[in-house]
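Fold and contact review
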Amino acid sequence: MGVPERIAKAVAEGVSGSVVAPAGYGKTETIADIVAGSTGRFLLLTHTLVGVDALKARLKKKGVRLDRVLLDTIAAWSLRYASSFPRTSGLAPIATPQGTEWEVVYKAAGKLVTSRALDTVITSSYAGVLVDEYQDCTKAQHEIIKGLARLLPVYVFGDPLQGIFDFGSEAIVNWGADVTPVFPLIDELQTPWRWETNHGLSQWLVGLRQSLASGAAIDLTRVPACIRVHHVTDAETAQKAERKACGAYTSSDTNRVAIIGAKGSEDQRAALAKRTYAQNVEAISCKALFKACADIEGSSGPARLSHVIKLMHRCMVGVRPTPFLRRMSEIHSGAKEPKALKPSEMAALRCMAEETLEPVLLLIEEFRRDCRPFRSELLFALRESLKLRLQGHHCTLADAARDVQEHRRHAGRRHGHKIVTSTLLVKGLEYESSVVFLAGSMKKEDVYVALTRASLRMQIVTDNLTFKAV
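Below is a short write-up of the structure. (Residues numbered from 1 in each chain as written. Predicted model: local features only at pLDDT ≥ 70, side-chain atom pairs only at ≥ 80, totals over all residues. Heavy atoms only, no water.)

1. Notes on the overall build of the protein
Selection rule: Numbering of helices and strands starts at the N terminus; helices are DSSP runs of H or I of at least 4 residues and strands are runs of E of at least 2. Computation of the radius of gyration draws on C-alpha atoms, with the globule rule given as 2.2 Å multiplied by the number of residues to the power 0.38. When accessible area is computed with a 1.4 Å probe and restricted to protein chains, residues below 20% of their type maximum are described as buried, those above 50% as exposed, and intermediate ones as partly exposed. Note that accessible areas follow from Shrake-Rupley with a 1.4 Å probe, and for residues the cover is restricted to the protein chains shown.
What the protein contains, in helices and strands, is 21 helices and 16 strands. For 470 residues, the compact-globule estimate of 2.2 N^0.38 gives 23 Å, and the C-alpha radius of gyration of the protein, at 25 Å, lies within 12% of that figure. C-alpha atoms of the protein, sized along the principal axes, occupy 85 × 60 × 40 Å. Each of the 470 residues in the protein was classed as buried or not, and the buried ones make up 49%. Surface accessibility of the protein: about 21900 Å² in total, with carbon and sulfur atoms responsible for 52%.

2. Quick notes on the sheet that holds strand β6 (residues 185-188)
Note on sheets: strands pair through backbone hydrogen bonds, and any given pair is parallel or antiparallel. Cut-off, in case you're wondering: Two strands pair under a simple rule: DSSP has to find at least two bridges between them. Every axis in this analysis is a line fitted to C-alpha atoms, fitted for helices over the stretch in contact. Angles between the N-to-C directions lie between 0 and 180 degrees.
Ordered by their spatial adjacency, six strands build an open sheet running β3-β2-β4-β5-β1-β6, and the pairing between neighbours is parallel. Edge positions in the sheet fall to β3 (69-73) and β6, since each of these pairs with one other strand and no more. Along the sheet, successive strands turn relative to each other by an average axial angle of 15°, direction set aside. As paired strands, strand β4 (residues 128-131) and strand β5 (residues 154-158) are joined by three bridges and run parallel to one another.

3. Re the side chain of Glu-266
Heads up, the condition is: Here a polar contact is recorded for every N or O atom pair within 3.5 Å, except that within protein the pair must consist of a potential hydrogen donor and a potential acceptor, and residues adjacent in sequence are included only if both atoms are side-chain atoms. When checking whether two residues touch, look at their non-hydrogen atoms; a contact exists if any pair is within 4.5 Å.
Along the chain, Glu-266 turns up in helix α12 (residues 266-275). For Glu-266, a relative accessible area of 14% puts it in the buried group. Polar contacts involving the side chain of Glu-266 include one to the main-chain amide nitrogen of Lys-287, which spans 3.1 Å. Filtering out sequence-adjacent residues up to four positions away, Glu-266 remains in contact with Asn-280, Cys-286, Lys-287, Ala-288 and Arg-375.

4. Focus on the packing of aromatic side chains
The test is simple: We call Phe, Tyr and Trp rings a pair once their centres come within 6.5 Å, taking the six-membered ring for Trp, and we label the pair stacked below 30 degrees between planes, edge-to-face above 60, and tilted otherwise. Comment: the charge-over-ring label is applied if NZ (Lys) or CZ (Arg) is within 6 Å of the ring centre and within 35 degrees of the ring normal.
The tally for this structure, following the rule as stated, stands at four aromatic pairs. Between Trp-102 and Tyr-106, the ring centres sit 5.9 Å apart and the planes meet at 25°, which makes this aromatic pair stacked. Highlighted residues: Trp-102 and Tyr-106, both in helix α6 (residues 101-114), separated by four residues, approximately one helical turn. Against the face of Tyr-431 rests Arg-256, its NZ or CZ located 5.2 Å from the ring centre. Sitting over the face of the ring of Tyr-249, Arg-457 holds its NZ or CZ atom 6.0 Å from the ring centroid.

5. Examining unusual backbone geometry
Phi is positive for Arg-116, which is not a glycine, with a value near 75°. Along the chain, the position of Arg-116 falls in the loop between α6 and α7 (119-125). The residue Tyr-277 is not glycine, and still its phi comes out positive at about 55°. Relative to the elements of secondary structure, Tyr-277 occurs in the loop between α12 and β10 (279-280).

6. A few points about the packing of helix α10 (residues 199-214) against helix α21 (residues 444-451)
Going by this rule: Each angle gets one of four labels, with under 35 degrees taken as roughly parallel, over 145 as roughly antiparallel, 65 to 115 as roughly perpendicular, and the rest as oblique.
Contact geometry for α10 and α21: axes closest at 10 Å, N-to-C directions at 175°. Taken as axis vectors, α10 and α21 run roughly antiparallel relative to one another. Counted together, Trp-204, Leu-205, Leu-208, Arg-209, Leu-212 and Ala-213 of α10 and Lys-444, Val-447, Tyr-448 and Leu-451 of α21 form the full contact between these two elements.

7. Notes on the pairing of strand β2 (residues 42-46)
Rules: A clockwise path from the first strand over the helix to the second, with the strands pointing away from the viewer, defines a right-handed crossover.
For β2, a buried count of five out of five residues is recorded, marking the element as mostly surrounded by other parts of the structure. Neither face of β2 is left uncovered, since the one carrying Phe-42, Leu-44 and Thr-46 and the one carrying Leu-43 and Leu-45 both have all their residues buried. As judged from the five bridges shared by β2 and β3, these two strands associate in the parallel manner. Across the sheet, the residue bridging to Phe-42 is Val-69, located in β3. For the crossover from β2 across helix α3 (residues 49-61) to β3, the handedness is right-handed.

8. Some details on the packing of helix α15 (residues 321-333) against helix α16 (residues 343-353)
In plain terms, the rule: Two helices that cross are described as forming a left-handed crossing if the nearer one is turned anticlockwise from the farther one by less than a right angle, and a right-handed crossing if clockwise. Here the term charged refers only to Asp, Glu, Lys and Arg, the term nonpolar to Ala, Val, Leu, Ile, Met, Phe, Trp, Tyr, Cys and Pro, and the term polar to all other amino acids, Gly among them.
Between α15 and α16, the least distance of the axes is 10 Å, while the angle of their chain directions is 65°. Viewed along their axes, α15 and α16 form a crossing whose handedness is right-handed. Listed contacts from α16 to Phe-324, Arg-327, Met-328, Ile-331 and His-332 of α15 are Ser-344, Glu-345, Ala-348, Leu-349 and Met-352. Residue classes in the contact of α15 with α16 are distributed as six nonpolar, two polar and two charged.

9. Focus: the pairing of strand β14 (residues 431-438)
Most of β14 sits inside the fold, with seven of its eight residues counted as buried. Of the strand pairs in this sheet, strand β9 (residues 257-260) and β14 are connected by four bridges, and their pairing is parallel. By the bridge assignment, Val-257 is partnered in β14 with Ser-433. As defined by bridge partners, β14 adjoins strand β15 (residues 454-462) across seven bridges and the pair is classed as parallel.

This is how it looks when you write it as structure tokens:
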């Protein structure tokens, strides 16, 4: 597709600036084309390892040698440099930052970059800097990039209408107030490549973007043929609409379906996955996983068994906690003469009798043989954590779980053909079909991200046919 003229001119002249890139408009392709058409070595920064992988794959496809770029997350690059020069950055030794510790890392990296101590290192290493998903930068990260712009031409790509992340105490950049005064607008990508063969959906999404940007309501009574809208008026119609919408598509390798549910509630999304025969996508920070680790390792006997069985009930169809726990309690107390025990029952009795975590792992494996999981990622992470803990590699099960999740974050994850997810977890990804629930006080950024994931067809479930985002 080539680099748009204005962007190509800015790169040729070495003039820093920003590019607004709506969803599906070829941002990753444009970044790769800039590198492929240049002679210098670029520093490419983004926020997630998924983003790193996407850029790496696109560069490889274009035949760009990876020694022509340094491709990394802002977090990893900041930690590596700040740790390498602790006296100048002021960063105390830290192996794996957690939570608010990252803010300390970014401030240290910002201090280092603006200190002039690395000017020669940076200018001799790179010809320029490209930063992806800039709307998700914190202000501390923004200071790092501003420091680099003092030395090199910097091009930031992003879309203020996709700024959906919330980092708590870490303030996010405001595109108008923080970004464009430092990186003036070079261009806005104009071609919706994701919907190149779906003109109806493409034009509707152009209008959607304009409505959201202006604060206008979305008219869901006028949609293209590839979209079906289900109007919900009460609890009964909501249930019917959910069944129709989520059962409308047969998922396969060529028709992946994303069901985009509540942004904040793991439990609500998991319940939706259970009802719709889908797989729930778990956040790497999965609260349910770490609660399970604490509950299991912090208990023993019948209490431990109860925690495990109730967790599996929340992860698999076919687990009936009350009768199972009652039978195990009776057998364990000797009040009931057991019939021939099933393998799952033998593992359960061992859970109550032994301190080791091995029976917990056996019990999960036995139930997985007979029941349908809808939170496979959670079960996989717990099983792998138990294995690591049993091998003696970690002091606690929670430590093992952190290791497992960090490995999965780096290695990437393969999701099923039919998933339940949130805007936070689906951002940047593309599916052939989607089911989007528009209800309550959704932010315009979440609405835009949710409605731009499908390339071919979409079902929308809403309680308001003139939906207005906040």
